Every structure is written in C-alpha cells, then in structure tokens.
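Residue-level structure breakdown
Residue strings, one per chain:
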Amino acid sequence: SQQGEEDPQALSIQEGENATMNCSYKTSINNLQWYRQNSGRGLVHLILIRSNEREKHSGRLRVTLDTSKKSSSLLITASRAADTASYFCGGSNYKLTFGKGTLLTVNP
Amino acid sequence: EAGVVQSPRYKIIEKKQPVAFWCNPISGHNTLYWYRQNLGQGPELLIRYENEEAVDDSQLPKDRFSAERLKGVDSTLKIQPAELGDSAVYLCASTPGLAGGENEQFFGPGTRLTVL
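Below, the structure is looked at part by part. Position numbers for residues start from 1 in each chain and track the written sequence from start to end. As a convention, the first chain written is A and the first ligand written is 1, with the rest following in written order. Given that the model is predicted, a residue must reach a pLDDT of at least 70 before its local features are reported, and side-chain atom pairs must reach 80 or more before they are shown or counted; all residues, however, enter totals for whole chains, interfaces and linings. Note that water and hydrogens are dropped before the side-chain values are worked out from all heavy atoms of the structure.

Let's shift gears to the interface of chain A and chain B. Contacts were defined at the residue level, with two residues in contact if any of their heavy atoms lie within 4.5 Å. Each partner contributes to the interface: chain A provides 22 residues, whereas chain B provides 24 residues. Buried surface at the junction of chain A and chain B, summed over both partners, amounts to about 1,600 Å²; 45% is from carbon and sulfur atoms. In the analysis that follows, any N or O atom pair within 3.5 Å is treated as a polar contact, provided that within protein one partner can donate a hydrogen and the other can accept it, and provided that, for residues neighboring in sequence, both atoms belong to side chains. Seen at the junction of chain A and chain B, the total is five residue pairs in polar contact (both at pLDDT 80 or more). Helix and strand assignments follow DSSP, with helices taken as H or I runs no shorter than four residues and strands as E runs no shorter than two, numbered in order from the N terminus. Where the side of chain A that touches chain B is concerned, the elements lending two or more residues are strand S4 (31-37), strand S5 (43-50), strand S9 (85-92) and strand S10 (96-98) of chain A. The residue makeup of the side of chain A that touches chain B, split by class, is seven nonpolar, eleven polar and four charged. Buried area: the sum, over both parts, of the accessible surface (1.4 Å probe) that disappears when the two are put together. Classes in brief: Ala, Val, Leu, Ile, Met, Phe, Trp, Tyr, Cys and Pro nonpolar; Asp, Glu, Lys and Arg charged; the others, Gly included, polar.

And the structure:
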C-alpha cells in the first residue's frame, strides 16, 4: 500500500506562476520527504520535513506539514520550464513509502 | 562525488528469461535500497540492505526475485524467470548511516526492463 497520495495527479501552469501540490498519508510518520523525477531519470531529493516541524523553506520551495490532518503541501514559487517533472511525496516511519506523484508541466 | 551507478540502463528480454541488474551506491553509504516503479506509479520498495544484511525484504517476490550485496558495497537484483508483469523501472538508492527511511535517499538513474 502507498503511504503518500499526491493531489492533483497533473498540473499545468505558465512560467512564473506558483505551483502547489498536496500530499496525504495514512499512518504516523517520522518525516515526510518530497522528490522530483524528470522523465526517464531517477528521483532527486528536494526537501525533508520532520514530524515536529510545521513549515520548511528551501530556495523557491516551501513545504508545510499538518500531522493532525496527515497532509503536506509543496509550493514552488516563480516556476520555470525546468521545473517540469513528476513530484512525489514519501512518508517515512523507518520505511519510505511513495505516492503516485503529481505531473507538473510548466509552459514557457 | 560520483552518484549511484546502475547498469544496464535498458534491458529487453523475452518472458521466462533471467535478468540481472547491478547497482554501485555512493561510496561510504551503508544502506542500499531496490525499488520497482511501474508506469504512472511511485517507487515501491523491494528490499533494503544495511551493509550486507537484508533488513527488509517483505515486499520482494521471493519465488522469482533474489538480491545480494556481497561485502556490503555493490548489489545485484535478479529475476528468474521474468514475467510480462515485471516490466518496470528498477531503481537503486542509497543513504549514509543505518537509519532506514530517516534520511535523504540518493537515487540512481534506474534500469528500464521490458519483458516481451
């Protein structure tokens, strides 16, 4: 079974706009991680937020975590065409379990 | 610093044939993972090694899949015999330390397997 479930499944925006992706998970976690996957490539780690954190920033990325709702969101600000990729969240409780991902398309 | 290396990148075989995938993790990374990623899905863990010990192989279909990590460095994942449903991308990842899913994982580019 998959721990993380991303929403929406697909998102298409214009360059310069912000992109928000959501993730829900089922059981308690120690941390939640977001990864990016470009077509035909492996996953690249973006950011990790621990269960006792509520918000974290890294460059143009902002991640929030609401453990009471078992949900997280990833915000990418000022998107670029190079941000086009699939984004996965993974909940970790000594085992990282991924959702199906959100396919983000940023149109130039 | 070199990343996780996997080979081959692509493999096409006929069903019932054997196939093997190789992974070389980042130097010094104690924990190694094998994932399978079906089309349109997220990666699913097959097996996790801490050094040379398989500490979580609950998701590995043991009737046809096997894995080894001799000397706690390189790893090989084997399927014998392959079935049509095994077509997927097989990803290898590694992390420093022995904390399971508690740290960032570094992924290789994957091996895309097509079973005809």
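Moving on: the packing of aromatic side chains. Residues and elements named next belong to chain A. A pair of Phe, Tyr and Trp rings is counted when the ring centres sit within 6.5 Å of each other, with Trp represented by its six-membered ring. The angle between the planes then sorts it: under 30 degrees is stacked, over 60 is edge-to-face, the rest tilted. Applying the stated criterion across every chain yields a total of seven aromatic pairs over all chains. Geometrically, the ring pair formed by Tyr35 and Phe98 is edge-to-face, given 5.5 Å between the ring centres and 75 degrees between the ring planes. Of this pair, Tyr35 sits in strand S4 while Phe98 is found in strand S10, placing the two residues 63 residues apart along the sequence. Phe98 matches Tyr35 in its accessibility class, with the two residues each being buried. Relative accessibility under 20% of the residue-type maximum defines a buried residue, over 50% an exposed one, and the middle range a partly exposed one, all with a 1.4 Å probe and only protein chains included.

Our next topic: the sheet that holds strand S1 (residues 5-7) of chain B. Residues and elements named next belong to chain B. Strand order in the open sheet formed by four strands is S1-S3-S8-S7, and the pairing between neighbours is antiparallel. Strand pairing shows two members of the sheet lacking a second neighbour, S1 and strand S7 (65-68), which therefore form its edges. The sheet shows a mean angle of 15 degrees between the axes of neighbouring strands, taken without regard to direction. By the bridge criterion, five bridges tie strand S3 (residues 19-24) to strand S8 (residues 75-79) in an arrangement that is antiparallel. Of the residues in S8, the one forming a bridge with Trp22 is Thr76. We treat two strands as partners when DSSP finds at least two bridges between them. Orientation is described by axes fitted as lines to C-alpha atoms, over the contacting stretch for helices, and by angles from 0 to 180 degrees between their N-to-C directions.

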